[in-house]
Amino acid sequence: MRVYHSSTQRIENPDISHSRDFLDFGKGFYVTTIEEQAVKYAERFMRRSHAAWLNVYELNDDAFKFNILTLKSYDESWIDFVTSCRAGNDKSDYDMIIGGIANDKVFRTIDLYFAGDISKDEALKRLIYEKPNNQICIRSQEIIDKHLKFIEGIKI
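Source: prediction; values computed, not measured. (Residues numbered from 1 in each chain as written. Predicted model: local features only at pLDDT ≥ 70, side-chain atom pairs only at ≥ 80, totals over all residues. Heavy atoms only, no water.)

### Things to note about the sheet that holds strand S5 (residues 96-99)
Hydrogen bonding along the main chain pairs the strands of a sheet, whether they run parallel or antiparallel. Strand order in this open sheet of four strands is S2-S6-S5-S4, and the pairing throughout is mixed. Two strands lie at the open edges of the sheet, namely strand S2 (29-31) and strand S4 (68-70), each paired on one side alone. The average undirected angle you get between the axes of adjacent strands in this sheet is 15°. (Pairing = 2+ DSSP bridges. Helix = DSSP H or I, 4+ residues; strand = E, 2+ residues; numbered from the N terminus. Axes fitted to C-alpha atoms, helices over the stretch in contact; angles between N-to-C directions.)

Structural data, given as structure tokens:
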């Protein structure tokens, strides 16, 4: 499967240790199967006067034999998991998580929920019509080392 990662640099040998804490699915190396989504994210770096790279990888089928959580929609299980990860309270041992990313519109709803300005039910009502995009958080260095192959880095 072809996957993409946006960055300010070419990343031939990704590792989990460079990930920020408190992201949607916790600390890990984030990729997407949607090239357009990765390019749009890379453009954010350019707006901040940074270099922007689209790193392209092949994620082989054996990566999907590990302990994986798949969140298919913006539902209660997605919001609970994201809330736990962003608060630094996730204690799960998933090697990879697949699900929707909190884009700008989704993030505004989640932000209101995190701040206590709307209830979980209200957040879920707002998210029900949002079509999830795609992010894969690889939290296992073994998956990266053995099952993720760098193809190319494209400067945007």
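### Focus on the packing of aromatic side chains
If you walk through the whole model with that rule in mind, you get seven aromatic pairs. Taking 5.7 Å as the distance between ring centres and 70° as the angle between the ring planes, the aromatic pair formed by Tyr57 and Phe150 counts as edge-to-face. Within this pair, whereas Tyr57 is found in strand S3 (residues 53-59), its partner Phe150 is found in strand S7 (residues 148-155), the two being separated by 93 residues in sequence. Here the two residues Tyr57 and Phe150 agree in accessibility, since each one is buried. With 4.6 Å between their ring centres and 75° between their planes, Tyr74 and Trp78 make a pair best called edge-to-face. The pair formed by Tyr74 and Trp78 is uniform in burial state, with each residue classed as buried. Counting every residue linked through ring pairs, the aromatic cluster contains Phe25, Phe81 and Tyr94. (Phe/Tyr/Trp six-rings, centres within 6.5 Å; stacked < 30°, edge-to-face > 60°. Buried < 20%, exposed > 50% of the residue type's maximum accessible area, 1.4 Å probe, protein only.)

### Here's the deal with helix H1 (residues 35-47)
Between its first and last C-alpha atoms H1 spans 19 Å; for 13 residues at 1.5 Å apiece the expected length is 18 Å, and the two agree. Burial in H1 covers these residues: Gln37, Ala38, Ala42 and Phe45. Buried positions in H1, seen along its axis, are confined to an arc of 135° and lie on one side of it. Residues of H1 that are exposed and point over 90 degrees away from its buried face: Glu36 and Arg47. Each element contacted by the buried residues of H1 is listed here: strand S1 (2-7) and S3. (Expected span 1.5 Å × (residues − 1). Arc of directions from axis to C-beta. Contact = heavy atoms within 4.5 Å.)

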